[in-house]
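Chain residues, written in single-letter form:
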Amino acid sequence: MTDETNVETKDPGAESKEEVETKAEVIKDIEESGVPTEVAKKEEALDESQQSKIPNSPEFSETQSKAAEKESTEKTIEEKKKAILEKVKKLKEKVEVTKTEELKEQIKAKKRAEMLIPLEEYVKAGIYLGTKVVTPTMKPFVYRRRADGLAIFNTDIIDEKLKEGIKFLSEFNPEDVILVCKRQAGWKAAEMFGKLTGIRVFTKKYPAGILTNTNLPDFFENELTIVMDHWLDKNALNDTLKVHKKVLMVCDTNNFSKGANQIIIGNNKSGRSLGVIFYLLTKGYCKAKNLDCDIPDLEWWTGETEGKTPVKYGV
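Keep in mind the model is a prediction, meaning the values are calculated, not measured.

> Please set out the pattern of salt bridges residue by residue, giving values where relevant.
By the definition in use, this model includes seven salt bridges. The salt bridge involving Arg183 is made with Asp229; its shortest N-O contact spans 2.7 Å. Pair noted here: Arg183 is in the loop between strand S3 (177-180) and helix H6 (187-197) and Asp229 is in the loop between strand S5 (224-227) and helix H7 (234-242), with a separation of 46 residues, a long-range link. Arg183 gets classed as partly exposed once you look at its relative accessible area, which sits at 21%.

What follows is the structure in structure tokens.
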């Protein structure tokens with residue numbers, strides 16, 4: 001046998017005696033110096049984190065205390081914030097209500113100042129009083145009913161519609177307009193209206209066909225017909241619609257505004273109320289047309305109509 005059989009095979013991964021001794025010395029020096037190894041650091045950190053999760057341990061109690069304190073602080077801040085926001089909301093609502101009320105009063109005062117006549121005169125004349133019947137077309141202008149069932153017009157809208165009616169009427173010349181008022185309560189005021197404005201007025205009776213039948217001796221053409229009540233003055237309304245002319249209509253709560261190009265709302269059954277309407281139409285029309293007229297005071301227009309004979313004025 002050769003010497004090769006007596007030679008021990010050396011493990012390549014095995015450490016020599018000198019290497020083992022060197023490592024042991026290094027580890028000893030590190031331990032003596034008090035510097036933990038990387039493994040020791042990891043174990044210590046793990047121990048601390050685990051300690052904070054163990055009930056009744058000092059670390060756990062401290063962690064719980066901090067979390068509770070943080071939660072309490074956050075809760076307190078949230079509650080304070082909520083309370084402040086509620087106070088701000090209440091103050092804002094209070095301010096808004098005050099401002100809204102003040103604004104309403106200012107608007108109301110301004111409207112009253114800009115009315116054609118003082119509100120008291122409208123009320124005194126009873127122009128706001130409607131009937132117990134309210135048609136669909138007049139419903140938007142009614143704001144309540146009295147205990148006896150009478151519908152009540154909004155006086156602000158009455159004034160607005162009168163302004164619109166005056167403006168609409170002022171677009172026409174006197175010779176192109178006729179007014180029809182079959183209701184006796186309005187005859188006196190209607191006649192004065194015709195006399196001052198030069199507009200042709202029909203009170204007691206409207207001759208049917210004078211706007212449509214060219215064979216009639218009194219036939220004439222007009223551009224606008226003022227109808228005081230579509231129930232009583234239906235013949236004049238129908239004739240006007242047949243020839244496709246414009247209509248200015250005074251409507252009570254029981255009237256339909258169908259066929260009208262412009263409406264004036266109000267009580268068209270009372271002499272006082274009709275007097276107010278004719279007074280304002282006369283005053284507004286004469287001013288717009290620069291007519292030099294001696295217009296009687298409002299009291300004259302709202303006076304008694306009994307004993308007066310209806311007269312037709314025209315051009």
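Next comes the rest of the description.
> So, H6: which residues are in play, and what are the values?
Of all 11 residues in H6, 10 are buried; the element is thus mostly enclosed. Within H6 the residues assigned to the buried category are Trp187, Lys188, Ala189, Ala190, Glu191, Met192, Phe193, Gly194, Leu196 and Thr197. Those residues of H6 that are buried lie in contact with helix H5 (155-169), S3, strand S4 (200-202), S5, helix H8 (271-288) and helix H9 (298-301). In the stretch just after H6, Gly198 is the one whose phi turns positive, near 85 degrees.

> Which residues make up the side chain of Thr131, and what are the values?
Tracing the chain through its elements places Thr131 in the loop between helix H4 (119-125) and strand S1 (142-145). Relative accessible area serves as the criterion here: at 14%, Thr131 is assigned to the buried category. A polar side-chain atom of Thr131 sits 2.8 Å from the main-chain carbonyl oxygen of Val133. Of note is the side chain of Thr131, whose polar atom sits 2.8 Å from the side chain of Thr253. Discounting residues that sit within four places of it in the chain, Thr131 has contacts with Arg145, Gly149, Leu150, Ala151, Asp252, Thr253, Asn254 and Lys269.

> How would you summarise the sheet that holds S5 if you had to cite specific residues and measurements?
Here five strands make up an open sheet; going across it, the order is S4-S3-S5-S6-S7 and the pairing parallel. The strands lining the two open edges of the sheet, one partner per strand, are S4 and strand S7 (262-265). The sheet shows a mean angle of 15 degrees between the axes of neighbouring strands, taken without regard to direction. As judged from the four bridges shared by S5 and strand S6 (residues 246-251), these two strands associate in the parallel manner. Residue pairing across strands places Thr225 opposite Val247, the latter belonging to S6. Together, S3, S5, S6 and S7 form the strand contacts of H5, whose direction differs from that of S7 by roughly 140 degrees. Against the sheet, H6 contacts S3, S4 and S5, and its axis sits at roughly 165 degrees relative to S4.

> Just give me the short version of the environment of Ile157, but keep the residues and values in it.
Note on placement: Ile157 falls in helix H5. Separated by 108 residues in sequence, Ile157 and Ile265 place their C-alpha atoms 8.0 Å apart. The contacts of Ile157, once residues within four sequence positions are left out, are Pro140, Phe141 and Ile265.

The rules we used
Residues numbered from 1 in each chain as written. Predicted model: local features only at pLDDT ≥ 70, side-chain atom pairs only at ≥ 80, totals over all residues. Heavy atoms only, no water. Salt bridge = Lys/Arg side-chain N within 4 Å of Asp/Glu carboxyl O. Helix = DSSP H or I, 4+ residues; strand = E, 2+ residues; numbered from the N terminus. Buried < 20%, exposed > 50% of the residue type's maximum accessible area, 1.4 Å probe, protein only. Contact = heavy atoms within 4.5 Å. Polar contact = N/O pair within 3.5 Å; in protein donor to acceptor, adjacent residues only side chain to side chain. Pairing = 2+ DSSP bridges. Axes fitted to C-alpha atoms, helices over the stretch in contact; angles between N-to-C directions.

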